[in-house]
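Here is how the chains run, residue by residue.
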Amino acid sequence: MSLVEEYAEGEYERAPKRLKTSEAEEGEDLEEGEDSDSASVGLPGDEEDEPGPGGDNRARWAAAKYVGGRKEDVDDAHRIAPSPVVHVRGLCESVVEADLVEALEKFGNICYVMMMPFKRQALVEFEDLDSAYRCVLCGTKEAVYIAGQQAFFNYSTSKRITRPTNADDPNSGNKVLLLSIQNPLYPITTDVLYTVCNPIGNVLRIVIFKRNGIQAMKAKAALNGADIYAGCCTLKIEYARPSRLNVIRNDNDSWDYTKPFLVRRGSHCPLLPLPSNNRFKRSSHEIPEVVSYPLPQTSSYMGHASSSVAMVSGLHPTKMNCIRIFNLFCLYGNIEKVKFMKSVPGTALVEMGDEYAVDRAITHLNSIKVFSKRLNVCVSKQHAVIPSQVFELEDGSSSYKDFAMTRNNRFTSAGQASKNIIQPPSCVLHFYNVPPCVTEDELLQLCKEHDVPGFIKFKVFDAKPSSKTISGLLEFDSKTNAVEVLTVLNHYQIRIPNGSNPYTLKLCFSTSSHL
């Protein structure tokens, strides 16, 4: 997360914010493959909702008519009472609040918009019930397009979208914004946030802190819903509770722009020499005016390390091999090659797709424990992994393996990469691509057969009747147990009787902290 204190001067018009309601929390916390049970019922034309096997279990959408302050009866047993809040579904992935306002303001004044990330849904609150009625009724009679894609509407079960502190008072004087960066595939630093926000208003201070993902408190509602880089690092902005930020040093995680010469604490001699390239140093070029920046492969305002090779030490001598390193590191970028060093036992070189994948792996995997050994992950001086001095590891496998052509790499295209939610290790694993016939007991037996800890809680997401696979969550006693299970069982081949091809079990760390 990060805190940013905005403009020293210059008022700006507040754009609609993304805010949590009971509906939004359900939609936002869902894992990949789980259907939403949020504010309103299903709608025609939404391909994600299929009829149940026992009949038409799909709830029908009702445009409950509201005229002259009363409802007109509609022959629909699943009708929802009229509400100023409209639930919108079927949105494209790139839609932002401004698109909704532009498309729906013709029905009446809009008070508030709340997006549901990754679910292609939103809540729109109108000033009065008649405006909401016109929106829902129009959606049932003709196609309404938002950002070029047809959307579907129904009343929400909520009568009002809950606002955070100060959200209803534009004149409250709070100049601190909370920025949540979703899907942070690339490093987010004070320089990146300053470059994005300063063109809109003078940024005074930035503080970055981390939780499940990266968040930042900063400066601008006009950027709400925008991507820092194309297809990733999406900004979600709302007012923060603090009215001022306290910055004690200027570095990659915090910066006081009113005190550019703020000295870092301590005057000890450096433990390591400076790297050849300062990967987070901004140049003095003119700040770009575009909100969605290209992928930072040749970024003019962010230098980066010249090596895409990570060095991993502290590996268990008998339980770690090239495949298990791949299983763990592939969550943060493509893996090209893995090679164990003969001269340094318990150490391996991992060549990844780019320097940013190495950054992500270092951020999330350095110092974690795997098989009672603490990993040390850092940037290697090598620019590529060369298959020299290949030998046999203690488990009988080769010390070198090329993964460049494997289908299990998860960042092979921009579309595929954008579906990966970069998460630090947690005690909850998300599993998917599992055949429907596999049971909880069979998964526990699989853990037992491979000598890894079993899970303590199990959850399967509801799947379409036509779905050939299932997905869900597994909760473990500790983060270490979850890491070990992922390292061993990720990409395990599940074979079923009379099945022609095996299913590849896929695991990743969940955004949920518990079940």
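See above for the structure.
The numbering scheme is per chain: residues are counted from 1 as the chain's sequence reads. For a predicted model such as this one, the threshold for reporting local features is a pLDDT of at least 70, and the threshold for listing and counting side-chain atom pairs is 80 or more; totals across whole chains, interfaces and linings nevertheless cover every residue. Side-chain figures throughout are based on the complete set of non-hydrogen atoms in the structure, without hydrogens or water.

Enquirer: Sorry, what's going on with the overall build of the protein here?
Expert: Across its full length, the protein holds 9 helices and 27 strands. Partly exposed describes any residue whose relative accessible area lies between the buried limit of under 20% and the exposed limit of over 50%, with all areas from a 1.4 Å probe on protein chains only and scaled to the type maximum. For the protein, buried positions account for 51% of its 515 residues. The contact rule is simple, with two residues in contact once any of their heavy atoms fall within 4.5 Å. Long-range contacts, defined as pairs at least 24 residues apart, comprise 73% of the intrachain contacts of the protein with a sequence gap of at least 6. Residue-level accessible areas treat just the shown protein chains as cover; the underlying method is Shrake-Rupley with a 1.4 Å probe. Of the roughly 25,000 Å² of accessible surface on the protein, a fraction of 48% belongs to carbon and sulfur atoms. Helix and strand definitions here come from DSSP, where helices need a minimum of 4 consecutive H or I residues and strands a minimum of 2 consecutive E residues; each element is numbered from the N-terminal end.

Enquirer: Hey, could you run me through the packing of aromatic side chains in this one?
Expert: Centre-to-centre distance and the angle between the planes together describe a pair of aromatic rings. A pair of aromatic rings is counted whenever rings of Phe, Tyr or Trp (Trp by its six-membered ring) have centres within 6.5 Å, and the orientation is called stacked for planes under 30 degrees apart, edge-to-face for over 60 and tilted otherwise. Summed over the entire model, instances satisfying the criterion amount to 4 aromatic pairs. On the numbers, 5.9 Å between centres and 10° between planes, the contact of Phe431 with Phe458 is stacked. Here Phe431 is found in strand E22 (residues 428–434), whereas its partner Phe458 is found in strand E23 (residues 457–460), with 27 residues between them in sequence. Phe458 gets classed as partly exposed once you look at its relative accessible area, which sits at 24%.

Enquirer: Got a minute to help me understand the packing of helix H5 (residues 322–329) against helix H9 (residues 479–489) in this structure?
Expert: When two helices pack together, their arrangement is given by the angle between their axes and by how far apart the axes lie. It is at 7 Å that the axes of H5 and H9 come closest, and there the two elements cross at 120°. Judged by the inter-axis angle, H5 sits oblique to H9. Considering the relative orientation of H5 and H9, their crossing is right-handed. Residues Arg324, Asn327 and Leu328 of H5 pack against Val483, Leu486, Thr487 and Val488 of H9. Each residue receives one of three labels: charged for Asp, Glu, Lys and Arg, nonpolar for Ala, Val, Leu, Ile, Met, Phe, Trp, Tyr, Cys and Pro, and polar for the others, Gly being one of them. Broken down by class, the residue content of the contact of H5 with H9 amounts to 4 nonpolar, 2 polar and 1 charged. Comment: axis = line fitted to C-alpha atoms, over the contacting stretch for helices; angle = value between 0 and 180 degrees taken between N-to-C directions. Under this scheme an angle from 65 to 115 degrees is roughly perpendicular, one under 35 degrees roughly parallel, and one over 145 degrees roughly antiparallel; angles in between are oblique. Left-handed describes a crossing whose near helix is turned anticlockwise from the far helix by less than a right angle; the clockwise case is right-handed.

Enquirer: Honestly, the sheet that holds strand E6 (residues 121–126) in this entry has me stumped. Any pointers?
Expert: Strand-to-strand pairing in sheets goes through backbone hydrogen bonds, with the strands running parallel or antiparallel. If DSSP finds at least two bridges between two strands, the strands pair. What the 5 strands build is an open sheet, ordered E5-E6-E4-E8-E7; its pairing is antiparallel. The open sheet has two free edges, formed respectively by strand E5 (110–116) and strand E7 (144–146), since each of these has just one partner strand. Direction aside, neighbouring strands of the sheet carry axes that sit 35° apart on average. Across the sheet, helix H2 (residues 97–104) is in contact with strand E4 (85–89), E5, E6, E7 and strand E8 (149–155); its angle to E5 comes to roughly 135°.

Enquirer: Looking at this structure, how should I read H9?
Expert: The periodicity of an α-helix, 3.6 residues per turn, causes residues three or four places apart in sequence to face the same way. The buried count for H9 comes to 9 of 11 residues, which makes it a mostly enclosed element. Of all the positions in H9, only Asn481, Ala482, Val483, Glu484, Val485, Leu486, Thr487, Val488 and Leu489 are classed as buried. Its buried side turned inward, H9 meets H5, strand E18 (369–370), E22, helix H8 (440–449) and strand E27 (506–509). Phi for His491, located one or two positions after H9, is positive at around 70°.

Enquirer: Mind showing me how you'd approach the side chain of Thr195 here?
Expert: Mapped onto the elements of the fold, Thr195 is located in helix H4 (residues 190–197). Residue classification places Thr195 among the buried residues on the basis of a relative accessible area of 1%. Polar contact is defined as a pair of N or O atoms within 3.5 Å, subject to the rule that within protein one atom must be able to donate a hydrogen and the other to accept it, and that residues adjacent in sequence are counted only when both atoms are side-chain atoms. Within the local environment of Thr195, its side chain forms a polar contact with the backbone oxygen of Asp191, the two atoms lying 2.7 Å apart.

Enquirer: Help me understand the nonpolar core in this model?
Expert: By convention a nonpolar core is built from buried Ala, Val, Leu, Ile, Met, Phe, Trp, Tyr and Cys residues, the set being connected through side-chain atoms within 4.5 Å. Membership of the largest hydrophobic core comes to 79 residues, with the highest contact counts inside it found for Ile228, Ile325, Leu328, Phe329, Ile335 and Leu489. Considering every element that reaches this core, the biggest residue donor is H9, with 6 residues. Beyond its immediate stretch of four places on either side in the chain, Ile325 contacts Leu315, Met320, Val338, Phe340, Ala348 and Val350. One finds Cys92, Met115, Phe126 and Val144 within the second-largest nonpolar core, a separate group that totals 26 residues.

Enquirer: Any chance you could explain the pairing of E5 here in plain terms?
Expert: As a general feature of sheets, a regular strand has side chains that alternate between the two faces. Most of E5 is tucked away: 5 of the 7 residues are buried. Sheet analysis places E5 next to E6, joined by 6 bridges and oriented antiparallel. Within the sheet, the bridge partner assigned to Met116 lies in E6 and is Gln121.

Enquirer: Looking at this structure, I do not really get the environment of Asn224. What am I missing?
Expert: Here Asn224 is to be found in the loop between strand E11 (213–218) and strand E12 (227–229). Separated by 12 residues in the primary sequence, Asn224 and Lys236 place their C-alpha atoms 5.3 Å from one another.

Enquirer: Can you walk me through unusual backbone geometry in this structure?
Expert: Glycine aside, the phi torsion of most residues is negative, and most peptide linkages are trans. Even without being a glycine, Ser367 presents a positive backbone phi close to 75°. Residue position: Ser367 is located in the loop between helix H6 (355–365) and E18. You can call Ser367 partly exposed: its relative accessible area is 37%. If you check the backbone angles, His491 has positive phi at about 70° while not being a glycine.

Enquirer: It is not clear to me how the sheet that holds strand E16 (residues 335–340) should be interpreted in this structure. Could you clarify?
Expert: Reading across from one edge, E20-E15-E17-E16-E21 is the order of the 5 strands in this open sheet, with antiparallel pairing throughout. Sheet topology places strand E20 (376–379) and strand E21 (400–402) at the edges, where each strand pairs with a single neighbour. For this sheet, the mean angle separating the axes of adjacent strands, direction not counted, is 20°. Sheet topology places E16 next to E21; 3 bridges connect them, and they run antiparallel. Looking at E21, one finds that Lys337 is bridged to Asp402. H5 rests against strand E15 (309–313), E16, strand E17 (347–352), E20 and E21 of the sheet, and its axis sits at about 140° to E16. Along the sheet face, H6 touches E15, E17 and E20 and points at about 155° away from the line of E20.

Enquirer: It is not clear to me how the environment of Leu365 should be interpreted in this structure. Could you clarify?
Expert: With respect to the helices and strands, Leu365 occurs in helix H6. Among the residues examined, Leu365 registers a relative accessible area of 0% and is labelled buried. Along the primary structure Leu365 and Leu375 are separated by 10 residues, whereas in three dimensions their C-alpha atoms are 7.4 Å apart. Excluding anything up to four places from it in sequence, Leu365 contacts Leu328, Phe329, Tyr332, Leu375, Val377 and Pro425.

Enquirer: Is there a simple way to think about the side chain of Ser426 in this case?
Expert: Within the secondary structure, Ser426 is located in the loop between helix H7 (414–418) and E22. Within the local environment of Ser426, its side chain forms a polar contact with the backbone oxygen of Val428, the two atoms lying 3.1 Å apart. From its side chain, Ser426 meets the backbone oxygen of Ser510 in a polar contact 3.5 Å long. Apart from residues lying up to four places away in sequence, Ser426 is in contact with Lys479, Ala482, Phe509, Ser510 and Ser512.

Enquirer: Before we go on, may I ask you to explain the environment of Pro502 in this structure?
Expert: Note on placement: Pro502 falls in the loop between strand E25 (493–494) and strand E26 (503–504). A relative accessible area of 26% means that Pro502 is categorised as partly exposed. Spatially, the C-alpha atoms of Pro502 and Pro435 are 9.2 Å apart, while their sequence positions differ by 67 residues. With near-sequence residues (within four places) excluded, Pro502 lies in contact with Gln493, Ile494 and Arg495.

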